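Structural description and commentary
Listed below are the residues making up each chain.
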Amino acid sequence: MIEPLYIITNNPLSDEHFKNNFEVIYLENGNAMDVLRKVRDEIHIGHKLLTHPLMSSVKPNETPYRTICVSIEKNKSIDLQSLDIIENSIHTTEKFLKDFNTPKWSDKILKDFQLIDCDLIHHAIE
């Protein structure tokens, strides 16, 4: 397991799966960009990124769900590597959303995206 962390997500399955063992900030009505921006805010106050915001082969415009882990402890200064990664992830996501529409997925496919997102984090923090 990686260092002590908390989780920021808009994925209801991730919230349900992790909330008993980790602090979870669940952005219930948020989209993937809201999660990325919240993570950036946390990095600005000294938290460190622990999982890559764009891990997976699913393109940023294809899934509406995003779950990201950050350190519990705050550093006195901003972790520049974390800031660079989150800023690049935001830029990439904005570009994909601008250039490609997000499909209108069925509930079954949305559940699949929730499972993929949750499973990626589950395996990252084991």
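Located above this text is the structure these notes cover.
Residues numbered from 1 in each chain as written. Predicted model: local features only at pLDDT ≥ 70, side-chain atom pairs only at ≥ 80, totals over all residues. Heavy atoms only, no water.

Once that is clear, we can look at unusual backbone geometry. Even without a glycine there, the phi angle at Ser56 is positive, about 125 degrees. Position of Ser56 relative to the elements: it lies in the loop between α2 (32-44) and β3 (67-71). Ser56 sits in the partly exposed class, given a relative accessible area of 34%. (Helix = DSSP H or I, 4+ residues; strand = E, 2+ residues; numbered from the N terminus. Buried < 20%, exposed > 50% of the residue type's maximum accessible area, 1.4 Å probe, protein only.)

Let's shift gears to the environment of Ile78. On the secondary structure map, Ile78 appears in the loop between β3 and α3 (80-99). Accessibility expressed as a relative area gives 34% for Ile78, which makes it partly exposed. For the pair Ile78 and His47, spaced 31 residues apart in the sequence, the C-alpha separation amounts to 7.4 Å. Beyond its immediate sequence surroundings of up to four residues, Ile78 is in contact with Ile43, His44 and Leu83. (Contact = heavy atoms within 4.5 Å.)

What follows deals with the pairing of strand β2 (residues 23-26). In the sheet, strand β1 (residues 5-9) pairs with β2 via four bridges, with the strands oriented parallel. When the sheet's bridge partners are listed, Thr9 is paired in β2 with Tyr26. Viewed along the sheet, the connection from β1 through helix α1 (residues 12-18) into β2 turns out right-handed. (Pairing = 2+ DSSP bridges. Right-handed = clockwise from strand over helix to strand, strands pointing away.)

A full pass over the atoms with the stated rule returns zero disulfides. Here Cys69 is not cross-linked by a disulfide; its sulfur's nearest cysteine counterpart is in Cys118, at 10 Å. Look at Cys69 and you get buried, because its relative accessible area is 0%. When its relative accessible area of 5% is taken as the criterion, Cys118 is described as buried. (Disulfide = S-S within 2.5 Å.)

So, about α2. For α2, spanning 13 residues, the distance from its first C-alpha to its last is 19 Å, which sits close to the expected 18 Å at 1.5 Å a residue. Every buried residue of α2 is listed here: Ala32, Met33, Val35, Leu36, Val39, Glu42 and Ile43. Where α2 is buried, its residues contact β1, β3 and α3. Measuring from the side-chain oxygen of the N-cap residue of α2 to the backbone nitrogen of Met33 gives 3.0 Å; that N-cap residue is Asn31. Once α2 ends, the next one or two residues include Gly46, with phi positive near 115 degrees. (Expected span 1.5 Å × (residues − 1). Polar contact = N/O pair within 3.5 Å; in protein donor to acceptor, adjacent residues only side chain to side chain.)

The next thing to look at is the pairing of β3. Consecutive side chains along a regular strand alternate between the two faces of the sheet. With five of five residues buried, β3 lies mostly within the body of the structure. The side-chain alternation of β3 yields two buried faces, one formed by Thr67, Cys69 and Ser71 and the other by Ile68 and Val70. Here five bridges tie β1 to β3, and the two strands are oriented antiparallel to one another. From the neighbouring strand, Ile7 faces β3, where its bridge partner is Cys69.

Time to look at the nonpolar core. By size, the foremost hydrophobic cluster in this structure holds 13 residues, and its most contacted members are Val39 and Ile86. Looking at this core, the elements with two or more residues in it are β1, α2, β3 and α3. The leading source of residues in this core is α2, at five residues. Aside from chain neighbours lying at most four places away, what touches Ile86 is Leu36, Val39, Arg40, Ile43, Leu49 and Pro53. One finds Ile7, Phe22, Val24 and Ile125 within the second-largest nonpolar core, a separate group that totals nine residues. (Core = buried A, V, L, I, M, F, W, Y, C linked by side-chain atoms within 4.5 Å.)

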